[in-house]
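# A look at the structure
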2 protein chains.
Amino acid sequence: MGTKSILTIGTLAKATGTNIETIRWYEKVGLLEAPDRTPGNYRAYTAAHLSRLSFIRRARDLGFSLDQIRTLLGIAEQQDQSCEAIDAIARGHLVDVNQKIAALQALGRELDSVIGQCRHGRVAECRIIEALAPTAK
Amino acid sequence: MGTKSILTIGTLAKATGTNIETIRWYEKVGLLEAPDRTPGNYRAYTAAHLSRLSFIRRARDLGFSLDQIRTLLGIAEQQDQSCEAIDAIARGHLVDVNQKIAALQALGRELDSVIGQCRHGRVAECRIIEALAPTAK
DNA sequence: ATGGACACTGTAGTCGCTACAGGGTCAAGG
DNA sequence: CCTTGACCCTGTAGCGACTACAGTGTCCAT
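Being a predicted model, the structure only gives us computed values, none of them experimental. (Residues numbered from 1 in each chain as written. Chains lettered and ligands numbered in written order. Predicted model: local features only at pLDDT ≥ 70, side-chain atom pairs only at ≥ 80, totals over all residues. Heavy atoms only, no water.)

### A few points about the protein's contact with DNA strand C
DNA strand C sits among 21 residues. The nearest are A:Tyr42, A:Arg60, B:Gly10, B:Arg24 and B:Arg43. Each atom of DNA strand C within 4 Å of the protein was assigned to sugar, phosphate or base; sugar and phosphate come to 75%. Within the side chain of A:Thr22, an N or O atom sits 3.0 Å from a phosphate oxygen of DNA strand C. Contacts to DNA strand C include A:Tyr26, whose side-chain N or O atom sits 3.0 Å from a phosphate oxygen. Contributions of two or more residues to the surface near DNA strand C are made by helix 2 (20–28) and helix 3 (47–61) of chain A together with helix 1 (9–16) and helix 2 (20–28) of chain B. Of all the elements, helix 2 of chain A adds the most residues to the surface near DNA strand C, at four residues. Its residues placed into classes, the surface near DNA strand C shows seven nonpolar, seven polar and seven charged. (Near = heavy atom within 4 Å. Polar contact = N/O pair within 3.5 Å; in protein donor to acceptor, adjacent residues only side chain to side chain. Helix = DSSP H or I, 4+ residues; strand = E, 2+ residues; numbered from the N terminus. Nonpolar A, V, L, I, M, F, W, Y, C, P; charged D, E, K, R; others polar.)

### Here we look at the relation of the copies chain B and chain A
Of the two same-sequence chains, chain B is brought onto chain A (RMSD 0.2 Å, axial shift 0.0 Å) by a rotation of 180°. The relationship between the two copies is best expressed as a two-fold rotation axis. Taking C-alpha positions as the reference, the residue of chain B nearest the rotation axis is B:Ile101, at 2.9 Å. When the interface residues of chain B are mapped onto chain A, 100% of them again fall at the interface, so both copies present the same face. (Least-squares fit on C-alpha atoms with pLDDT ≥ 70 in both. Contact = heavy atoms within 4.5 Å.)

### Examining the domain arrangement of chain A
All names here are of chain A. For chain A, the assigned domains are domain 1 (1–80) and domain 2 (82–137). Once you take the C-alpha centre of each, domain 1 and domain 2 turn out to be 36 Å apart. At the interface, eight residues of domain 1 touch six residues of domain 2. Between domain 1 and domain 2, roughly 600 Å² of surface is buried when both sides are summed, and carbon and sulfur atoms account for 75% of that area. Between the two partners, domain 1 and domain 2, sit zero salt bridges. Joining domain 1 to domain 2, the criterion identifies two residue pairs in polar contact (both at pLDDT 80 or more). (Domains from an automatic or database assignment. Buried area = accessible area lost by both parts, 1.4 Å probe. Salt bridge = Lys/Arg side-chain N within 4 Å of Asp/Glu carboxyl O.)

### Let's talk about the UniProt feature "domain: HTH merR-type" (unreviewed entry) in chain A
In the UniProt entry, the feature "domain: HTH merR-type" (unreviewed entry) is given for residues 6–75 of chain A. Each end of residues 6–75 of chain A is marked by a C-alpha atom, and these two atoms are 27 Å apart; helix forms 60% of the span and strand 6%. (UniProt positions renumbered as here; feature names shortened; annotations may be inferred.)

### Quick word on the interface of chain B and chain A
In this assembly, 51 residues from chain B lie in contact with 51 residues from chain A. Summing the contributions of chain B and of chain A, the shared interface buries around 4,600 Å²; its carbon and sulfur component is 74%. Along the contact surface separating chain B from chain A lie two salt bridges. The partner of B:Arg58 in a salt bridge is A:Glu110, with the nearest N and O atoms 2.9 Å apart. Taken together, the links from chain B to chain A amount to three residue pairs in polar contact (both at pLDDT 80 or more). Mapped by element, the contributors of at least two residues to the side of chain B that touches chain A are helix 3 (47–61), helix 4 (66–77), helix 5 (84–116) and helix 6 (127–132) of chain B.

Structure follows, in structure tokens:
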């Protein structure tokens with residue numbers, strides 16, 4: 001029962017759907033703790049690494065930046081503090097996401113109207129080009 | 001009347017709302033033709049540069065990549081060809097934009113539900129952290 | 001002559017990876 | 001025992017689209 005089962009980087013990669021290079025990169029930038037090494041210098045990950053990496057990937061999927069994740073992880077370690085800060089980060093991120101959606105929707109509408117003007121003629125009279133070059137009459 | 005009025009890079013930058021460094025960078029990557037130089041080695045832009053840069057910036061605002069813009073500019077120069085290709089690029093880009101919107105909306109919904117679970121207690125029982133770390137019960 | 005605004009080149013940094021190149025390690029099969 | 005092939009290691013360079021210097025030169029008004 002004291003036996004720690006060890007994971008290679010490849011196993012960890014498959015288990016979390018992460019690229020091997022990405023895992024090494026998370027280590028390099030201090031997101032994922034550097035694991036012990038085997039005698040052959042292979043990284044030997046533990047279950048703790050697996051759950052931490054899962055956390056990171058899930059947060060990435062939700063669009064958090066690595067910096068935000070670093071902060072979240074830092075807070076998550078101080079189990080007895082209030083989780084206001086976590087809530088604030090998540091809410092702030094949601095605001096960002098909603099802003100991005102609004103911007104993209106505006107852009108989509110504009111693109112749509114530009115495309116709607118194309119009469120499929122020659123380039124010289126293409127309305128798309130005209131729409132893109134407002135100063136060049 | 002044969003006098004060509006010349007624009008410095010700073011004037012061009014202000015006129016198009018572009019960073020000076022960005023203009024030099026567009027030149028470096030072949031999007032904006034390198035202008036003649038003054039005796040003091042300053043870039044001397046013409047009205048043609050202004051309208052081309054306006055085109056680039058407008059297309060960037062609409063979310064086209066520099067590669068797409070390069071293609072658009074290349075087509076725009078061949079005035080007597082059909083504008084099918086331009087239409088195709090614009091339509092393809094619209095598809096991308098709509099996909100991005102859908103992805104962000106899904107993400108926003110998920111974030112929303114994660115945030116909704118926060119009971120503002122201590123980190124140890126924070127539902128946001130739990131939601132992010134699905135394997136670490 | 002001098003000050004300040006503007007311009008020049010070149011390099012490094014951003015974010016979040018991805019893609020090598022050139023090696024070392026390990027387990028299974030012959 | 002040896003080879004094959006899958007896996008792992010380090011280190012570096014590249015992506016897109018810029019941004020931010022550092023160190024130097026130019027221009028114009030006073």
